[in-house]
Amino acid sequence: MSANVKFDHRDSIGVARLSGDVDITQASSVRKQLLSAVRNEDLGLVVDLSRARYIDSVGVSLLFELAERLAGRQLRFAVVMPPDGLVERVLTIVNLNSVAEVHPSLDEALAALQSP
């Protein structure tokens, strides 16, 4: 199942919902979509992986690259990562929380980015 990306905004925070498999076959397309998702007036971006079934090393690298680029623009970055799945295990091993705020739900991620 290929990755599918859907975008919307909640006030001044972009939300990207990824579903399916985030792997090398979709990395280029997903990268372009995520990097263009943030508007100049936004405070940050939430990437919601609640419906992602799989993420490979290229998908992991993409998240780290996104974190670096957002930090360079002084924007906040959060990832929704529900517990107890393959995606959670992979992102815990690579220590994603060293570059992004990690939350179990979209509501918690949005609340965290909106707080000072």
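Let me sum up the structure you'll find in this document.

Scoring rules and cut-offs
Position numbers for residues count from 1 along each chain, tracking the sequence in the order it is written. Restriction of local features to residues with pLDDT of at least 70 applies here, the model being predicted, together with a cutoff of 80 or more for giving and counting side-chain atom pairs; totals for whole chains, interfaces and linings are based on all residues. Heavy atoms from the whole structure form the basis of all side-chain values; hydrogens and water molecules are not counted. Working definition of a nonpolar core: buried Ala, Val, Leu, Ile, Met, Phe, Trp, Tyr and Cys residues. They are joined through side-chain atoms within 4.5 Å. Exposed residues in this analysis have more than 50% of their type's maximum accessible area, buried residues have under 20%, and partly exposed residues fall in between, with area computed by a 1.4 Å probe over protein chains only. A run of H or I in DSSP counts as a helix once it spans at least four residues, and a run of E counts as a strand once it spans at least two, with each numbered from the N terminus. Contacts: residue pairs with any heavy atoms within 4.5 Å of one another. Think of it this way: DSSP has to see at least two bridges between two strands before they count as a pair. Angles run from 0 to 180 degrees between N-to-C directions of axes, and those axes are lines fitted to C-alpha atoms, restricted for helices to the stretch in contact. By convention in these notes, a salt bridge is any Lys or Arg side-chain nitrogen within 4 Å of a carboxyl oxygen on Asp or Glu.

## Re the nonpolar core
Phase 1: Within the largest apolar cluster, 28 residues are counted, with the highest numbers of intra-cluster contacts made by Leu 18, Val 47, Leu 49, Phe 77 and Leu 91.
Phase 2: Elements that contribute at least two residues to this core include exactly β2 (13–22), α1 (27–35), β3 (44–55), α2 (57–72), β4 (76–80) and α3 (86–93).
Phase 3: At six residues, α2 tops the list of elements feeding residues into this core.
Phase 4: Not counting the four nearest positions on each side in its chain, Leu 49 is found in contact with Leu 18, Leu 63, Val 79, Val 80, Pro 82, Val 87 and Leu 91.

## Some words on the sheet that holds β4
Phase 1: Read from one edge of the open sheet, five strands run β1-β2-β3-β4-β5, paired in mixed fashion. Each end of this open sheet is capped by a strand with a single partner; those strands are β1 (4–10) and β5 (101–103). Shown here is a sheet whose adjacent strand axes are inclined to one another by a mean of 20°, direction ignored.
Phase 2: In terms of strand pairing, β1 meets β2 through seven bridges, oriented antiparallel. Residue Val 5 lies in a different strand from β2, and its bridge partner there is Leu 18.
Phase 3: Along the sheet, α1 makes contact with β1, β2 and β3, crossing β1 at roughly 5°.
Phase 4: Lying over the sheet, α2 contacts β2, β3 and β4, oriented at roughly 175° with respect to β3.

## Concerning the pattern of salt bridges
Phase 1: Under the counting rule described, the total for this entry stands at seven salt bridges.
Phase 2: Close ionic contact of Arg 31 with Glu 65 constitutes a salt bridge, the shortest N to O distance being 2.8 Å. Taken together, the residues Arg 31 in helix α1 and Glu 65 in helix α2 connect sequence positions 34 residues apart.
Phase 3: Between Arg 39 and Asp 42 there is a salt bridge whose closest N-O contact spans 3.0 Å.
Phase 4: Here the salt bridges share partners, and the residues they tie into one network are Arg 31, Glu 65 and Arg 69.

## What about unusual backbone geometry?
Phase 1: The phi dihedral of Gln 74 is positive, around 60°, even though this residue is not glycine.
Phase 2: Here Gln 74 lies in the loop between α2 and β4.
Phase 3: The phi torsion at Asn 95 lies on the positive side, around 60°, for a residue other than glycine.
Phase 4: Counting through the fold element by element, Asn 95 comes out in the loop between α3 and β5.
Phase 5: For Asn 95, a relative accessible area of 38% gives the class partly exposed.

## As for the environment of Arg 10
Phase 1: Mapped onto the elements, Arg 10 comes out in strand β1.
Phase 2: Its relative accessible area of 30% is what places Arg 10 among the partly exposed residues.
Phase 3: Separated by 23 residues in sequence, Arg 10 and Gln 33 place their C-alpha atoms 18 Å apart.
Phase 4: Ignoring sequence-local partners within four residues, the contact set of Arg 10 consists of Val 15, Arg 17, Leu 106, Asp 107, Leu 110 and Gln 114.

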